[in-house]
Amino acid sequence: DLESASGEGGYAKAMDQAYYDKQRALLTDVVKEMDVIITTANIPGKKAPILVTKAMVEAMPKGSVVIDLAAERGGNCELTQPGQITDHQGVKIVGVENVASTLAFNASTLYSKNMLTFIENYLKKTDQGFQAQRDDDIVQGSMLTDQGKFVHPQATAWVKGETA
């Protein structure tokens, strides 16, 4: 069962060979219909367990993709080449290492775009300057104070010493 395979901090923990054999048997029929598989099982300080075998990849439809986020530790796919994107019989196996370091720019761009969109929705320019759109659901749900007074129900309850 999956809960017994969960280790400290959300990482996988090492299991016996019978466990992995059972998991592979269950997955073999399922992967035949998958276009994308994303694997993430890592065991701190050890080689990543093989969850997707060569036979499973060969059963997948051509044009499918296996994204192996455990590539740095050898990968969860038997065919993963750490640091490379390979093709096996029409199935791409993505073994990019240190994925987190490649996402900082995109995450920052996405966050800044979301904040700009939020602020543009929150404030509208009027003859009196910028005004909060108090009738907007998003503004109402995120506004804690307005003109020096608490207006959000949970903030108001907290100030009064109540629990909301």
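Asker: Help me understand the packing of aromatic side chains, please; the structure alone is not making it clear to me.
Answerer: For any two aromatic rings, the description comes down to two numbers: the centre-to-centre distance and the angle of the planes. Within the structure shown, the criterion is met by one aromatic pair. Ring geometry for Phe118 against Tyr122: centres 5.5 Å apart, planes inclined by 45°, an arrangement best described as tilted. Of the two residues, Phe118 and Tyr122 are both situated in helix α3 (residues 99–122); the distance of four residues between them amounts to about one turn of the helix. Exposure remark for Phe118: the relative accessible area of 29% places this residue in the partly exposed category.

Asker: Where do I start with the pairing of strand β1 (residues 36–39) in this structure?
Answerer: Each regular strand displays side chains that alternate between the two surfaces of the sheet. Across the two faces of β1 the burial differs, with Ile37 and Thr39 buried and Val36 and Ile38 not buried at all. The pairing of β1 with strand β2 (residues 65–68) spans four bridges and is classified as parallel. Counted as the bridge partner of Val36 is Val65 from β2. Each parallel crossover has a hand, and the one from β1 via helix α2 (residues 54–59) to β2 is right-handed.

Asker: So what exactly am I meant to see when it comes to the sheet that holds strand β4 (residues 91–94) here?
Answerer: What holds strands together in a sheet is hydrogen bonding between their backbones, with the strands either parallel or antiparallel. Sheet architecture is open: four strands sit in the order β1-β2-β4-β3, paired in mixed fashion. Since the sheet does not close on itself, it has two edges, and those belong to β1 and β3 (85–88), each with one partner. The average angle at which neighbouring strand axes cross in this sheet is 15°, direction not considered. Judged from the four bridges that link them, β3 and β4 form a sheet pairing that is antiparallel.

Asker: Hey, could you run me through the pattern of salt bridges in this one?
Answerer: Pairs may arise between side chains of opposite charge once their charged atoms sit close together. Enumeration according to the criterion identifies three salt bridges in this entry. As a salt-bridge pair, Arg134 and Asp146 come within 2.5 Å of each other at their nearest N and O atoms. Of this pair, Arg134 sits in the loop between β6 (129–132) and α4 (137–142) while Asp146 sits in strand β7 (residues 145–146), placing them twelve residues apart in sequence. Exposure remark for Arg134: the relative accessible area of 34% places this residue in the partly exposed category.

Calculation criteria
- Residues numbered from 1 in each chain as written.
- Predicted model: local features only at pLDDT ≥ 70, side-chain atom pairs only at ≥ 80, totals over all residues.
- Heavy atoms only, no water.
- Phe/Tyr/Trp six-rings, centres within 6.5 Å; stacked < 30°, edge-to-face > 60°.
- Helix = DSSP H or I, 4+ residues; strand = E, 2+ residues; numbered from the N terminus.
- Buried < 20%, exposed > 50% of the residue type's maximum accessible area, 1.4 Å probe, protein only.
- Pairing = 2+ DSSP bridges.
- Right-handed = clockwise from strand over helix to strand, strands pointing away.
- Axes fitted to C-alpha atoms, helices over the stretch in contact; angles between N-to-C directions.
- Salt bridge = Lys/Arg side-chain N within 4 Å of Asp/Glu carboxyl O.

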